[in-house]
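Each chain, written out:
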Amino acid sequence: MRARGLQMLSEVLLQCYSLLQEKEVTHLVLFFENRLKDHHAVIPSVLQGLKALSMCAALAPGLAVSVLKAIFQEVHVQSLLQLDRHTVYSIITNFMSSREAELKSLGADFTFGFIQVMDGEKDPRNLLVAFQIVRDIIVKGYALGPFVEELFEVTSCYFPIDFIPPPNDPHGIQREDLIASLRAVLTSTPAFAEFLLPLLIEKMDSDVQSAKMDSLQTMNAACMIYGQKELKDFLSSLWSSLRREVFQTASERIESEGLSTLRALSTCLSRSVLSSDDEDLLDSFLRGILQDCRHHLCEPDMKLVWPSAKLLQAAAGGSLRAYYQITKSVFPLLVEQYNKHLQSSQHRTILEVLLGFLELRQKWGHEEEDKSPLLCSKDALCSMVFSALVEPNVQLQLVGIRALTFLGLLQGLLDLPDMDRLVNSLAQFILHEEDSQTSLAAMEAAGTLTPFYPEAFSRCLVQKLSEGLQSELREDSTQFQQDRCLQALAAVSTHPSIMKETVPVLLQHLQKVQKGSTQAGVQSVVSVCQSLKQMALQCHQNAQNYWYFHQAVVPCLMGLAVQAAMQENTHTMLSKVLLTEEALSAMVLVISAACMYLSPELAAQSVSKAVPLFLDGELSFLPGNSFPSTFQPFQDGQRPVQTQKKLVALLMAFVCSLPRNVPIPQQDRLLRDLLALSCSSDCLFTATAAAKCFAGLVNKHPAGPQLDELLGAAMDKLEQGLNEGPHRIQALTLLLWVSKALLLRYHPLTTHLTDKLLMLLGDTVLGPAVGDGFALLMADSPDVLGKSCHADMRLMFRQRFFTECVPQLVQGFHTAAPGVKANYLKGLSHILNHLPKPVLVTELPTLLPLLLEALSCSDHVVQLSTLHCLQPLLLDAPLVVSLHVDTLVGKFLTLTDSPAMAIRIAALQCLHALASLPTPVVIPYKPRVIRALAKPLDDKKRLVRKEAVTARGEWFLLGTPGR
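Residues numbered from 1 in each chain as written. Predicted model: local features only at pLDDT ≥ 70, side-chain atom pairs only at ≥ 80, totals over all residues. Heavy atoms only, no water.

The condition is simple: UniProt positions are given in the numbering used here, feature names are shortened, and annotations may be inferred rather than shown by experiment.
Per an unreviewed UniProt entry, the protein carries the name MMS19 nucleotide excision repair protein and comes from Gekko japonicus. According to its UniProt record, the protein has this under Sequence similarities (unreviewed entry): "Belongs to the MET18/MMS19 family." In UniProt, the protein has this text filed under Subunit (unreviewed entry): "Component of the CIA complex."

## Here's the deal with unusual backbone geometry
Definition in use: Numbering of helices and strands runs from the N terminus; a helix is a DSSP stretch of H or I covering at least four residues, while a strand is a stretch of E covering at least two. Each residue gets one of three labels from its accessible area relative to the maximum for its type: buried under 20%, exposed over 50%, partly exposed in between, using a 1.4 Å probe on protein chains only.
Of note, the amide linkage connecting F159 to P160 takes the cis form, showing an omega dihedral of -5°. Along the polypeptide, P160 turns up in the loop between α9 (148-156) and α10 (175-186). In this structure, Q666 is a non-glycine residue whose phi angle is positive, near 50°. Within the secondary structure, Q666 is located in the loop between α34 (648-655) and α35 (667-680). If you check the backbone angles, H790 has positive phi at about 65° while not being a glycine. As for its placement among the helices and strands, H790 is situated in the loop between α40 (767-778) and α41 (797-815). When its relative accessible area of 25% is taken as the criterion, H790 is described as partly exposed.

## What about helix α4 (residues 63-74)?
Side chains three or four residues apart in an α-helix point the same way, a direct result of the helix having 3.6 residues per turn. Our working definition: The span you would expect from a helix comes to 1.5 Å times its residue count less one. Residues are treated as being in contact if the distance between any of their heavy atoms lies within 4.5 Å.
Here α4 spans 16 Å end to end across twelve residues, near enough to the 16 Å set by a 1.5 Å rise per residue. Taken together, the buried positions of α4 are occupied by L63, A64, V65, V67, L68, A70, I71 and F72. Packed against the buried residues of α4 are α2 (22-35), α3 (43-54), α5 (82-98), α6 (100-104) and α7 (108-118).

## Brief notes about the packing of helix α39 (residues 750-760) against α40
Rules: Only the stretch in contact is used when a helix axis is fitted, and all axes are lines through C-alpha atoms; the angle between N-to-C directions ranges over 0 to 180 degrees. Any angle between 65 and 115 degrees counts as roughly perpendicular, while under 35 counts as roughly parallel, over 145 as roughly antiparallel, and the rest as oblique. We call Asp, Glu, Lys and Arg charged. Ala, Val, Leu, Ile, Met, Phe, Trp, Tyr, Cys and Pro are nonpolar, and the rest, Gly among them, are polar.
In the contact formed by α39 and α40, the axes pass within 8 Å of each other and the chain directions differ by 140°. If you check the angle between α39 and α40, you find them oblique. Contact with α39, carried on its side by L757, L758 and L760, involves G767, V770, F774 and L777 of α40 and no other residues of that element. Looking at side-chain class alone, the contact of α39 with α40 contains six nonpolar, one polar and no charged residues.

Structure representation (structure tokens):
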């Protein structure tokens, strides 16, 4: 009866504790303290009441101490149920957060009292709270008194944590939570060191992998707060354990953690401030490591070189002082061993060890190298690395190039002759090395080092590359050599002064494309443009360099193209080449890259000259003045004007790459001209460029009457163009791009345009192209409507389009004539292929029958898109897919015999994924699939054979033990 009364009172207090006054709280506290002496059945209700009172703001001074003393004295906590023990921990936590000063007045008695409360705790829910209390006791400075070892023992008995959460655990406590909480306690004070370190060494030497890992990670954390005093007596044992873990490890994770711990020890010993009488423990610790590892670097069979090197590098990684001490001994030894061994593989191993030490040096930035072992061994190291570059082994050369790069990055280390030799070696690889891997590595190295040594690279490399391009124009050289020179010029353009040399070289090379076939000329233009684009992306973070690049390149490219369009009848090679769609597309990428990172002010300044060029023929924007006629790309006219219209693609690249807040001059006139051109041009390239430009500008156009009027005019044009006439494909292209522009920004007109597209799926002529157009609507746009071009792009536009469009698409498929059903399947397949997986999985039950029908469609695009859509679903939605496994197996096996290689590969990948379904579902099909997959094993294409081997192997293993 007393227990029920106390329970009632406690429940009331838990509801209204914040309303109590001080006298009431005092009265209740004294009452509940007295009840702690009552029968054990009453205690849980008393503790609930004390928990409510511990949260009262009106608690009188001294009562918190009184309550805790009563609990420590009267309650045997570990004999209570889990919930009641948790209540005790909650009371202590509440008082520690609100009455810290009062509790500290108890001195070590509070710590001792809590040790008694916690001792023997087993429930993980309570342990998380208890560990937090112990950590607070230590971190917040409560007195530990003579109870340091007892506090350590009461917590360390849980180390290492081996808790495995039960299945479907509602509390969600993971082993990792307990590990992190306990580790925070054990590593919270150096006072635990004398007890913790022997424990960690013991667990490191055990055979339990999880215990080793936990011990290493805890040691790593402890090094953050320990000093030389705490570590002194244990360094030898710690080193023995860590050395064994690396030399004899069975786990890469444990080896990695062991090396990390060794690095932490080295850092800890480096951090300690020494008095004049103290022994330098870092020095003696590193001497011991060198003594144990050094001789392995000298062994003829080199078996233990890598474990020794890893240990030395980990120890050296602790501090610059440790690095100097280790490398002072190691560098001369590496040089000696390199000269002693003869095989390329041995040279490569030694050089990779050196490379590890050179990479490590970057960690501490560019400090003075006066007393550095690198400076003392510089000549020998350089000689070793340069000798590696002339050996015929490609892998050795690659390591040598990387080592040279790191030597070059240490400023002040290499003198002028060394630097010239380095640059000449890289130039040799770039210009004359047949292996593309080595050549690319040399280009990357040159790009990394150019900002530090611009004069050397300008003098020795840029000049040679420029001469190489000139000679290739004169002599019978290959396109491959020319491309390599162009790639290298772009790669080294990582410094402003170098870029100002290389940009004119590339532009001059572009103007001299005169020899060979038109195809070779086009390839040259494309290669130059790829290099220019790379340079634009490299320099965009420096506004001044980027503006220089923009001013130098964009007017020049436009000028060359305009001149070619005006001189088309002269039949010069350059004119023919520059007006090809491939060349114009390559120039589009350069102009776009040169505009997308401009500041709004500079962009406005530049666009104010570019737009009048196209609208009014204002040629002052272009370099030179030798233009034979007027430039009027938007005027109707004969052949020359038709050629000029193609250059609208360059205008598109310019204006659609600018930030949204940049005003476009004469924008309404420009948009109307683009609209007219996109629906009237006979050239599909021109019409598409105009449509994309129109869509890009519409996407960024502010909402309002102007935009509504413009879209109204566009709808009229579209209706007229789609209904009749020779330009239906052009009108469809415009419809698709405008639909995408409005879909991205959630414009209300999107619904009307989508309905129009769905209606056109039933058109026997345009239907297939409309089906393909759904891929354009859903995919990320790389140019005008992409993020890089600052398009107005809302989140989850794909999900919104899917929700609005797919029900109509499915309904249209069911009611469509047999001849156009494939168009609906194509559209659906493209939409699903670009939809985020979680959305697709939820809709799969209703859509899977349609996808299965799409696999039977004769259109290869539909088949491939559907296979790509299904493959991840086989892994992510096994329950839904299992219902249709019979149909899927049959269709996938049929498609492995498709005439299209891509479809055969995708079908085999789907069969591979199908084997991951629950074994009882797919095991009946095992013999059939294995027999059928024998044929693709003899496919004429290697990639198909490779997929067939993987898929067949997976089906062979189906149902075997251990799967």
